[in-house]
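What follows is each chain in one-letter form.
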Amino acid sequence: MQLLFFKHGLGLFNIFSLGVGGAIGSGIFVMMGFGIAYTGRSIVLAVSVGCLYMLLAYLFHPIMSSMFVLPGGDYDMKAMLMGPTMTGFSALATIVNGLGMASYGLAFASYFVSVFTGLAEYQLWIAALLIVIFFAISIKGTKAMATITTIITASLLISIVVFLAAGLPQVQPGYFSNADGQFFSGGFGGLIGAIAMMSFACQGTTMAPVSVMPATKKPRKTIPIGILLICLTVAVVYALMSIVAAGVLPVEQVAGENLSLVAQTIFSPTMFNIFILGAACCAIMSSLASGMTMLRYPLLAVAEDGWLPKIFAKTTSSGYPYMMMGFFLVFSIVPLFTGLSVDALISLLMIISMVMNAYMNISMIKLVKRYPEQWKKATLHMPTPIFNCLCIIGTVCALAVSYYLFKDLSVGSMVFCVVLLVVMMGLAQLRLRTGAVKKEDLLAKRERIAAAALAATAAEEAEELREAKAAKAV
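Residues numbered from 1 in each chain as written. Predicted model: local features only at pLDDT ≥ 70, side-chain atom pairs only at ≥ 80, totals over all residues. Heavy atoms only, no water.

## Observations regarding the packing of helix H11 (residues 187-197) against helix H21 (residues 384-407)
- Contact geometry for H11 and H21: axes closest at 9 Å, N-to-C directions at 100°. As summarised for this structure, H11 and H21 are arranged roughly perpendicular, according to the angle between their axes. Together, Gly189, Ile192, Gly193, Ala196 and Met197 of H11 and Val401, Tyr404 and Leu405 of H21 make up the contact between the two elements.
- Among the residues forming the contact of H11 with H21, the class breakdown is six nonpolar, two polar and no charged. (Axes fitted to C-alpha atoms, helices over the stretch in contact; angles between N-to-C directions. Helix = DSSP H or I, 4+ residues; strand = E, 2+ residues; numbered from the N terminus. Parallel < 35°, antiparallel > 145°, perpendicular 65-115°, else oblique. Contact = heavy atoms within 4.5 Å. Nonpolar A, V, L, I, M, F, W, Y, C, P; charged D, E, K, R; others polar.)

## Side note on empty space enclosed by the protein
- Following the criterion strictly, the structure yields three cavities of 30 Å³ or more and no others.
- In this structure, the second largest cavity encloses a volume near 40 Å³.
- Lining the second largest cavity, in full, are Met32, Gly33, Ile36, Ala245, Val254, Glu257, Asn258, Leu259 and Val262.
- If one sorts the elements of the lining of the second largest cavity by residue count, helix H3 (residues 26-39) sits on top with three residues. (1 Å grid on protein atoms, 1.4 Å probe; cavity = no way out; pocket = protein on both sides within 12 Å on 5 of 7 lines; lining within 4 Å. Points joined across faces, edges and corners; volume = space filled by probe spheres on them.)

## Digging into helix H7 (residues 84-96)
- With 13 residues, H7 extends 19 Å from end C-alpha to end C-alpha; this agrees with the ideal 18 Å at 1.5 Å per step.
- A large share of H7 lies buried, amounting to 11 of its 13 residues.
- Within H7 the residues assigned to the buried category are Pro84, Met86, Gly88, Phe89, Ser90, Ala91, Leu92, Ala93, Thr94, Ile95 and Val96. (Expected span 1.5 Å × (residues − 1). Buried < 20%, exposed > 50% of the residue type's maximum accessible area, 1.4 Å probe, protein only.)

## Here's the deal with the nonpolar core
- Counting residues in hydrophobic clusters, the biggest one holds 166 residues, and the most contacted among them are Phe29 and Met80.
- What Met80 contacts, discounting residues up to four positions off in sequence, is Met64, Phe68, Leu70, Leu367, Arg370, Tyr371, Arg446, Ile449, Ala450 and Ala453. (Core = buried A, V, L, I, M, F, W, Y, C linked by side-chain atoms within 4.5 Å.)

## A few points about the packing of aromatic side chains
- Per the stated rule, a full pass over the model turns up 15 aromatic pairs.
- When the centroid spacing of 5.9 Å and the interplanar angle of 55° are considered together, the rings of Phe176 and Phe183 count as tilted.
- Classification of Phe176 as exposed rests on a relative accessible area of 56%.
- A relative accessible area of 9% places Phe183 in the buried class.
- Taken together, the ring pairs connect Tyr175, Phe176, Phe183 and Phe184 into an aromatic cluster.
- One Lys or Arg, Arg41, reaches over the ring of Tyr175 and ends 5.8 Å from the middle of that ring. (Phe/Tyr/Trp six-rings, centres within 6.5 Å; stacked < 30°, edge-to-face > 60°. Lys NZ or Arg CZ within 6 Å of the ring centre and 35° of its normal.)

## Focus on the layout of surface pockets
- By volume, the second largest pocket is sized at about 230 Å³.
- What lines the second largest pocket is a set of 16 residues, among which Phe34, Ser110, Gly256, Glu257 and Asn258 lie closest to the centre.
- Taken together, the elements giving at least two residues each to the lining of the second largest pocket come down to H3, helix H8 (98-115) and helix H16 (260-266).
- Considering only residue class, the lining of the second largest pocket consists of eight nonpolar, seven polar and one charged.

## Regarding the side chain of Thr94
- Mapping Thr94 onto the fold places it in helix H7.
- Setting aside anything within four residues of it in sequence, one finds Thr94 in contact with Leu295, Pro298, Leu299, Val302 and Phe328.

Shown next as structure tokens:
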């Protein structure tokens, strides 16, 4: 079956289309105004450089996908790179993704009431209702969610093209000049802060490709090349969107605001409503739907592996993990009523993610020593000193995002973040020490994943050899 995938699977264009569609989502609509507040019109550099920067922060994705065929994608990568405690930390971080769901709900509500202004006082309830609706849809299964996501994504991409076509001609002259001090308005620190703030929008260029490795033709070549092309394309699209966002109106008007303010200026009232509902709201719903789809099985695995009490592993007769998803629903809705802002919720989520990324990037130095043959054959193989240097740079990039996001949190949010990190690490240690999760089981699971990756990689190499012999014979 695996060979069939290699022979007739997804090609580079498929990976590129999937990756671009998955990467351009809610983040750019949610975070753009916050990025402008940091750096002014140089937001164009923050988002374009930010895509390349986040590629370094996720360095383990392109490197490992060029070494192995990993049936479990990102999950298998983490399993191969992490020790027992960090595996538990990563598992519990899956639940913390509920903060991302809460931020989607809040962002959707803020855009929604810009069209239906009479509902402004019900923003929190609109946010909660949206999350509940998508959880309800998730009960129907992955197919139903995927169908909805496809329709939403098509509307999103069309709306972005319309936004650029209408907005770029209206950008005020002298965008790249600094006569008014609004380019690099926050200095170098402001630019770095903007890159950190926009990291949520720029991080998705690697995720979709690595999730479809087993269904991709020649994945160890196709996936890494696809990631690089996706990264460059998204950087260009985001740069153009940022020029419209920061160039049509004065910076002080759009700083900290969502894109609805600019959209009101460049569109007629009717087109404004269509854009908000077709682009901004669809982008957020697309991210919400994708999140629900991607997290269902990892959430169940968290309970099945013992990181939470076994009651959370209960499922319906059709396999729906109702206890785990119900717990996740609560974790997604409660933050709505804590007073945390959209940027604070996303910052908390990104801080935790980047801490894990830093660990995985530096862990790759040991990984290539453990699998020298696979590293030697890797598409992205490079001299050891350069590779080690890149791993260190990738680790620093991830930690820098965490630092810049953390330092700009309110004191209350800082305390919440620290407590959350300590609790997650402590709970992981507790489950290991009490025997709820056995270290030897985790290590055995890691070896099984590694063995499966090596077998799939060998199958791919055998298929390539057969193709080469067939071509030579012709």
